[in-house]
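# Chain and residue survey
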Amino acid sequence: MASFVWLLQGTSPTTIDATDIIQFAGATFDSAITVDAYNDSTHVESSIGADDSSGNTPNNVKFISQTGGGAGDSQADWGDGTEDIDAILEAECTLKITFSHGSAVAVTANTFFAFDGTTPATAPTDIDVRAAELADIIFTQAEGSGSALSITDSGSATDHDFYILVSASPESVGEKTAFAFRMALTYT
Amino acid sequence: MKANTKFTALELLTAAKVEKPEEKFGKGRVRIAGVAGIVKPNHLITLGKDVKKVDVIVGVDKFEVVLEGSEEVFTVTEEAKKALKVNKPEVTPVVK
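Residues numbered from 1 in each chain as written. Chains lettered and ligands numbered in written order. Predicted model: local features only at pLDDT ≥ 70, side-chain atom pairs only at ≥ 80, totals over all residues.

## Here we look at the overall build of chain A
What counts is decided by this rule: Numbered from the N terminus, helices here are DSSP runs of H or I no shorter than four residues, and strands are runs of E no shorter than two. We compute the radius of gyration over the C-alpha atoms and compare it with the globule rule, which gives 2.2 Å times the number of residues raised to the power 0.38. What counts as a contact is two residues whose backbone-derived C-beta atoms lie within 7 Å of each other.
Tallying secondary structure elements over chain A gives zero helices and twelve strands in all. On C-alpha atoms alone, chain A measures out to a radius of gyration of 16 Å, which is about the 16 Å that the 2.2 N^0.38 rule sets for 188 residues. Summarising its shape, the C-alpha atoms of chain A cover approximately 45 × 45 × 35 Å along the three principal directions. Sequence separation of 24 or more characterises 64% of the internal contacts of chain A that already satisfy a separation of 6 or more.

Printed below as a string of structure tokens:
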């Protein structure tokens, strides 16, 4: 039996259930992000609009530049100022996604991407999304299955932890709801 | 060699004491920790925190690497860092 657990990391992790929303916001829960700016906070919002991550001091990774760092690396700010993204530690990443299986399996062809919530190949509407795996040196504009972030193969084990940095920016005014994340992988 | 680390395939073949490991890629079957179809020495493989040993199959020969515990913090070997630079994705904006 295979299963996924998605967590928004922080001082304490917040479980992201299937009906929950990962909310990218301005400085606080439910606050807006200026068009073309990136998230200053990240939260887990329940299906009834509650801030499930309140009290857990959730992590936030803010995209700064695609190639502006040392040797053309991507840069982000995860609370310590602007840094090259390969300096981030696992506990500082936005998401921890654990794939588990009752017997040991290897994981390959693993991808992570944002989509419109309906069709995996379709990019989310009016949002710029940047994602990277822990230790990556550059962000991927992970919008639609055809532009997905590629995750490193994982050797045979019962639990596989994947640490993801993710940041988002609105390209127009208004709340963005045609927006979801998916991880797709092969296990053998 | 410890778990909770990202390695290259060549590092793992070397640790398994495969003879002339760099010559094995693209010529026959290379399977590491259950990951099949490895054809490049800089193919990256993450070994999670709980991995104790790694099975390596090259052609019809089987090898094993026993790990010496797990890194406290996720680690990327220097060779894997080089591979990440070589394999970094093209910066191509998504057309909407």
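## Regarding the sheet that holds strand 4 (residues 53-58) of chain B
Residues and elements named next belong to chain B. For the record, the criterion: Criterion used throughout: strands pair if DSSP finds at least two bridges between them. Axes here refer to lines fitted to C-alpha atoms; in helices the fit is confined to the stretch in contact. Angles between the N-to-C directions go from 0 to 180 degrees.
Taking strand neighbours across the sheet as the criterion, the three strands line up as 2-4-5 in an open arrangement whose pairing is antiparallel. Both edges of this open sheet fall to strand 2 (30-32) and strand 5 (61-66), since each of them pairs with a single strand only. Averaged over all pairs of adjacent strands, the angle between strand axes in this sheet comes to 15°, irrespective of strand direction. Pairing analysis gives six bridges linking strand 4 to strand 5, with the strands arranged antiparallel. Residue Asp-55 lies in a different strand from strand 5, and its bridge partner there is Glu-64.

## Some thoughts on the sheet that holds strand 7 (residues 82-84) of chain A
All names here are of chain A. Strand order in the open sheet made by the three strands is 5-6-7, with antiparallel pairing throughout. In this open sheet, the two strands that pair with only one neighbour each are strand 5 (62-65) and strand 7. Within this sheet the neighbouring strands show an average axis-to-axis angle of 40°, counted without direction. As defined by bridge partners, strand 5 adjoins strand 6 (residues 75-77) across three bridges and the pair is classed as antiparallel. Across the sheet, the residue bridging to Phe-63 is Ala-76, located in strand 6.

## Focus on the environment of Gln141(A)
Residue and element names in this part refer to chain A. To keep things clear, this is the line we draw: Counting other C-beta atoms within 10 Å of each residue's C-beta, where C-beta atoms are placed from the backbone, gives the exposure class: buried for 20 or more, exposed for 12 or fewer, partly exposed between.
With respect to the secondary-structure elements, Gln-141 resides in the loop between strand 9 (127-133) and strand 10 (149-151). Accessibility expressed as a C-beta count within 10 Å gives 21 for Gln-141, which makes it buried. Once the C-alpha coordinates of Gln-141 and Val-35 are considered, the two residues, 106 residues apart in sequence, prove to be 17 Å apart.

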